[in-house]
Amino acid sequence: MKRWLPWTIAGALLVALPFVYNAPYPLHIMVVILIWSFAYTSWSIMGRFGLVSLGHGGFMGIGAYVTALLWNHAGMSPWLSIPMALLASATIAILVAYPCFRFRITGHYFALVTLALSGIVLQVITATRDHTGGSLGYTPERHQGGSSIYALQFIDKETWYLIALGVWAAGIVIWYRVERSMMRYALEAISEDEDAAAAAGVHVTWEKLKVTVLSAMMTALAGALYCQYQMFISPDTVSGISISLQMVFAVVVGGIYVSLGPTIGAIITILLAEVLRISFGTAAVGYDNLVYGVLLVLFIIFLPKGILGGLMEARARPQAATAAQPKASRA
Amino acid sequence: MLAVTDLSKQFGGFTAVDRVSFTVGKGEILGLIGPNGSGKSTIFNMISGTLTPSGGAIAFEGREIGGLAPHRVTNRGIGRTFQIPRPFRRLSILDNVILAGFYGQGRHSKKAAQAAAEQALDLVGLPHDPHAKVDGLGAAGLKKLELAKALATAPKLLLADESLGGLDEHEMNQAADMLKRIRRETGITIIWVEHIMGVLMRVVDRVMVLDHGEKIAEGPPSHVARDPRVIEVYLGTDTQAADAAQTRIA
Amino acid sequence: MDSIFDIYLLEALLNGILLGGVLALLGLGLNLVFGVIDVVWICYAELIMLGMYGMYYLHSVYHLPLVVAGALSIAIVGALGVVLHLVVIQPLLGTAPINQLLATGGVLFFLQSAATVLFGIEFKNLGLRLPVIELSGMFVSYARLLAFGAALIGMVLVYLFLAKTYTGIAIRAIAQDRQIMGLMGVDTRRIYLITSAVGGALAGLAACLLVLQYDVHPFVGLSFGPIIFMICVLGGLGNIVGGFVAAFIFAEIITVGGLYLDLEWGYVFAFVFFVVMMFIRPEGLLARRA
């Protein structure tokens, strides 16, 4: 009861926020932060187990483009096309990840194979420019009459804020579900020693595939949501290596092993980009990535657990030190 | 319970195991010994699924298991330990064993897995403090954890790659007694792989000796220890060890 | 109808071989660094991009002769390889390889943005009009032929360096067994630095050849980066011969595929081929890990 109280209060405050304060620009920034937080959380669900995928830009692109294409070309409601996008994303994930896991391609080998995936999704989008608009981008057609639940299009930012908040919260809940599940035990074990995990009875390929498909589908949902909210997508903003690396970067900065790490990462990176944009205007094009790049290198060298992870560890350390003492005397 | 027939393994042109046959009866402790490179680890790995046999059959409870994936072998009821303990350091000691209890028995509830884990930890004599970390364990403790993980998978047959080399005399005896006690309390069948004879001879019902991938002797410890071929290829290099083995058996 | 079709196909095949030479060169530096240091430079294509800018500025802006500009560009990117190793890789050598890969991902961001800030996002080119050669009805660009030739020479030089010089032999030995060579008194640090320099220089050479045919812009690395990584993975990371073979296969797929559809489709086919190969011949991927 007591443990839930702060969460409930924080949740209520977040839900109440747009009804009290609804200036369009801050609300827009918050929606963007929530959507990306969800995408980064999706990545970290598998990334935290050493399954470092650089293919998530591809999954995000699939989510965004499948949804938009089915709407424009087939008039299919996002309520139907988003599940199809998730299914497509899951299929691609299985196609690429299964041989990797079956033949034990792990670590940086896995990162490289998945890197090819995000590169190729970008190429496909560009190559099919007759249908997707290529690198110029793509706009889902506006539904007549503005906001529509059927078209999942809303003019007002408050609705989007609540949708994004709900999806983001679902992402955090999934994170905790994984954290508390036996799957976490299996994946922690696998990340250390696949043979020993198999000897304990763990079906290594299956467990890895499950978490990969989960993560890929969540990421595709983030892509679809981004598309519906922004009403404009381009290969560079929802797919490709840059987006994949951006996910890794934000998660590493925020903290890969903690539930809110990816969210913190999203807040920091997006606010940084906005501050640079507002203070320097168009002169600052490229400056945000410049700072990201340097920060990513610095974080990996000096603070690999991320800001939130590092803070939590620093807080836990005095306790751990006292807890370790009696054990030492026993030995 | 386990019937191995004409089991062979070639690596390229090299024959590591050459048509070895043996059986293990229910509740038995079989010692599998041989010098380094004699093929005992290869046999062990073929039974546990890590290696696929080049020829021959491995029948466990009447069903063929040769070539099955390691996790399926575990789920069928064959638990294994690794010679060098391979704990999961990111999990606590208890969670290591809960993991084995959960997945080893083909996934049932976490509660049942926890109960199985606590039982296994009791059996090997490790505390089930949920916060105790693997890093706090010494060499003997790690071997106990390795054993507890295997036991938590509820095996009918335990493949113990013991290698007590890293332990002192006292710890060796403790480990041997533990295997004996486990058999007594659970009725598990055990294959104990070892490259030194020593304590093993005191515990096992039957010994099989391998050399260069072939079986050269099989029988009760006292009998095998007197076998001239065994003394020649195995103990002959170290007469003191042979004497020690003889006195222990006596 | 048939004969025209054939000549186009033949032309595409020939162009594929020429492209293969360049791709093989692109993969060579990355493979070398991976084989010796066990590190993947994700920012490899961005080093090439900097080399292309080097060529552009030295030749088109400062009017240095092409050969001089090329030599300087190679030296500059080689030096960048050393800096990359000292600043980013060396502090991370003891940690998981994935950390090194991600850190070079940070460098990728940094270099892209630095190029955007310093050079702008406009497409730039040398403005060279190299002739097209006609070979019995087939058209082959002189730039491609030149690139192919230079790539071959570069690869032969690297081969000779690895096979004949003391340092080269030490590099190959370290690629075989990192621990042993350290124990035998080979200065691993020095070998790593030399490897990084050579890896960078190869990126520089690739840059000189690419800039003859393509425009340079800050994101040009993204267009051929994935293909380089696919080549290296399929050939077996660190396996130079494997990378070589994979480069030619990919080049043929891209050009012949691009003949019937757009060039991007060539890339898509290459990727499909890559995934299929992973299913049927994972040994290619695992060659060095066994």
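Source: prediction; values computed, not measured. (Residues numbered from 1 in each chain as written. Chains lettered and ligands numbered in written order. Predicted model: local features only at pLDDT ≥ 70, side-chain atom pairs only at ≥ 80, totals over all residues. Heavy atoms only, no water.)

Quick look at the interface of chain C and chain A
Alright, step 1. Contact residues are listed per partner, giving 46 residues for chain C and 44 residues for chain A.
Alright, step 2. Across the chain C/chain A interface, buried area totals approximately 4,100 Å², and carbon plus sulfur atoms make up 82% of it.
Alright, step 3. One can count zero salt bridges joining chain C with chain A.
Alright, step 4. For the pair chain C and chain A, the interface holds one residue pair in polar contact (both at pLDDT 80 or more).
Alright, step 5. Sorting the residues of the side of chain C that touches chain A by element identifies α3 (66-89), α4 (97-119), α9 (220-235), α11 (263-280) and α12 (282-286) of chain C as the ones contributing at least two each.
Alright, step 6. Ranked by residue count, the leading element in the side of chain C that touches chain A is α4 of chain C, at 17 residues.
Alright, step 7. Along the lines of polarity and charge, the residues of the side of chain C that touches chain A split into 35 nonpolar, seven polar and four charged. (Contact = heavy atoms within 4.5 Å. Buried area = accessible area lost by both parts, 1.4 Å probe. Salt bridge = Lys/Arg side-chain N within 4 Å of Asp/Glu carboxyl O. Polar contact = N/O pair within 3.5 Å; in protein donor to acceptor, adjacent residues only side chain to side chain. Helix = DSSP H or I, 4+ residues; strand = E, 2+ residues; numbered from the N terminus. Nonpolar A, V, L, I, M, F, W, Y, C, P; charged D, E, K, R; others polar.)

Topic: the sheet that holds strand β3 (residues 29-33) of chain B
Residue and element names in this part refer to chain B.
Alright, step 1. Here six strands make up an open sheet; going across it, the order is β6-β7-β8-β3-β9-β10 and the pairing mixed. Across the chains shown, the open sheet's two edge strands, defined by having one partner strand only, are β6 (78-80) and β10 (214-219). Adjacent strand axes in the sheet meet at a mean angle of 20°, parallel and antiparallel pairs treated alike.
Alright, step 2. When strand β7 (residues 157-161) meets strand β8 (residues 189-194), the two strands line up parallel, connected through five bridges. Its bridge partner being in β8, Asp161 is matched across the sheet by Val193.
Alright, step 3. Here helix α6 (residues 169-186) sits on the sheet and contacts β3, β7 and β8; the angle it forms with β8, its principal contact strand, is near 165°. (Pairing = 2+ DSSP bridges. Axes fitted to C-alpha atoms, helices over the stretch in contact; angles between N-to-C directions.)

With respect to unusual backbone geometry
Residues and elements named next belong to chain B.
Alright, step 1. The phi dihedral of Arg19 is positive, around 40°, even though this residue is not glycine.
Alright, step 2. When you line up the elements, Arg19 lands in strand β2 (residues 14-24).
Alright, step 3. Phi is positive for His212, which is not a glycine, with a value near 50°.
Alright, step 4. On the secondary structure map, His212 appears in the loop between β9 (206-211) and β10.
Alright, step 5. For His212, a relative accessible area of 64% gives the class exposed. (Buried < 20%, exposed > 50% of the residue type's maximum accessible area, 1.4 Å probe, protein only.)

What to know about the pattern of salt bridges
Where charged atoms from two side chains of opposite charge approach closely, those side chains can pair.
Alright, step 1. Taken as a whole and judged by the stated rule, the model has 21 salt bridges over all chains.
Alright, step 2. Put simply, Glu274 of chain A and Arg277 of chain A hold a salt bridge, and the shortest N to O gap is 2.9 Å. Of this pair, Glu274 of chain A and Arg277 of chain A both sit in helix α13 (residues 261-280), three residues apart, which is roughly one turn of that helix.
Alright, step 3. For Arg277 of chain A, a relative accessible area of 45% gives the class partly exposed.
Alright, step 4. Here Arg202 of chain B and Asp177 of chain B are joined by a salt bridge, their closest N and O atoms 3.7 Å apart. Of the two residues, Arg202 of chain B is situated in helix α7 (residues 200-203) and Asp177 of chain B in helix α6; the sequence distance between them amounts to 25 residues.
Alright, step 5. A residue is classified by how much of its surface remains accessible, and Asp177 of chain B, at 38% relative accessible area, is partly exposed.
Alright, step 6. By sharing partners, the salt bridges in this structure join Arg104, Asp193, Glu194, Asp195 and Lys208 of chain A together with Arg86 of chain B into a single network.

Digging into the side chain of Ser148 of chain A
Residue and element names in this part refer to chain A.
Alright, step 1. One can find Ser148 in the loop between α6 (129-132) and α7 (157-180).
Alright, step 2. What makes Ser148 buried here is its relative accessible area of 10%.
Alright, step 3. Of the polar contacts made by the side chain of Ser148, one reaches the backbone nitrogen of Tyr150; its length is 3.2 Å.
Alright, step 4. Not counting residues within four places of it along the chain, the set of residues in contact with Ser148 comprises His143, Gln153 and Phe154.

As for the environment of Pro140 of chain A
Alright, step 1. Among the structural elements, Pro140 of chain A can be located in the loop between α6 and α7.
Alright, step 2. Measuring from C-alpha to C-alpha, the distance between Pro140 of chain A and Ala68 of chain A comes to 5.3 Å, with 72 residues separating the pair along the chain.

Describing the sheet that holds strand β1 (residues 2-11) of chain B
Residues and elements named next belong to chain B.
Alright, step 1. Strand order across the open sheet formed by four strands is β2-β1-β4-β5, with antiparallel pairing between neighbours. Both edges of this open sheet fall to β2 and β5 (63-64), since each of them pairs with a single strand only.
Alright, step 2. Pairing of β1 with strand β4 (residues 55-60), which is carried by five bridges, proceeds in the antiparallel orientation. Its bridge partner lying in β4, Leu2 is registered against Phe60.

Details of the interface of chain A and chain B
Alright, step 1. Residue-level contacts link 23 residues of chain A with 24 residues of chain B.
Alright, step 2. With both sides pooled, the region where chain A packs onto chain B buries about 2,200 Å², and carbon together with sulfur makes up 59% of that total.
Alright, step 3. Taken as a group, Met182, Tyr185 and Glu192 of chain A account for 29% of the area that chain A buries against chain B, more than any other trio of residues on that side.
Alright, step 4. Connecting chain A to chain B are two salt bridges.
Alright, step 5. Note that Asp195 of chain A is salt-bridged to Arg86 of chain B, the shortest N-O span being 3.3 Å.

A few points about the packing of aromatic side chains
Alright, step 1. According to the stated counting rule, one finds 19 aromatic pairs over all chains in the structure shown.
Alright, step 2. Arranged with centres 5.3 Å apart and planes meeting at 75°, the rings of Trp175 of chain A and Tyr176 of chain A form a pair that is edge-to-face.
Alright, step 3. Residue Tyr176 of chain A is classed as partly exposed on the basis of its relative accessible area, which comes to 24%.
Alright, step 4. Taken together, the ring pairs connect Tyr53, Tyr56, Tyr57 and Phe119 of chain C into an aromatic cluster. (Phe/Tyr/Trp six-rings, centres within 6.5 Å; stacked < 30°, edge-to-face > 60°.)

Considerations on the confidence of the model for chain C
Residues and elements named next belong to chain C.
Alright, step 1. With 87% of its residues at a pLDDT of 70 or more, chain C shows a mean pLDDT of 82.
Alright, step 2. Of all helices and strands in chain C, the one with the weakest mean pLDDT is α12 (55), whereas α3 scores best (94).
Alright, step 3. The model gives residues 285-290 a pLDDT under 50, and that stretch makes 19 contacts with residues more than four places away or in other chains.
Alright, step 4. Model confidence for the complex: the whole-complex pTM is 0.86, and ipTM, which rates the interface, is 0.87. (pLDDT = per-residue confidence, 0-100.)

Quick word on the nonpolar core
Alright, step 1. The biggest cluster of nonpolar side chains holds 252 residues, and the ones touching the most others in it are Ile42, Ile48, Ile227 and Phe274 of chain C.
Alright, step 2. Of all hydrophobic cores here, the second largest spans 25 residues; its members include Leu7, Met46, Val193 and Leu210 of chain B. (Core = buried A, V, L, I, M, F, W, Y, C linked by side-chain atoms within 4.5 Å.)

Notes on a nonpolar patch on the surface
Residues and elements named next belong to chain A.
Alright, step 1. On the surface, a nonpolar cluster with roughly 520 Å² of combined accessible area is contributed by Val15, Phe19, Val20, Tyr21 and Leu162.
Alright, step 2. For the nonpolar patch, the leading source of residues is helix α1 (residues 4-20), giving three residues.
Alright, step 3. Summarising the element assignment, Leu162 is placed in helix α7. (Patch = residues over 30% accessible without salt bridge, like charges linked within 9 Å, V, L, I, M, F, W, Y side chains within 5 Å. Areas by Shrake-Rupley, 256 points an atom, 1.4 Å probe, with all protein chains shown as cover.)

A short note on the side chain of Thr41 of chain A
Alright, step 1. On the secondary structure map, Thr41 of chain A appears in helix α2 (residues 24-47).
Alright, step 2. Setting aside residues no more than four positions away along its own chain, Thr41 of chain A makes contact with Gly171, Ile172, Trp175, Pro262 and Thr263 of chain A.

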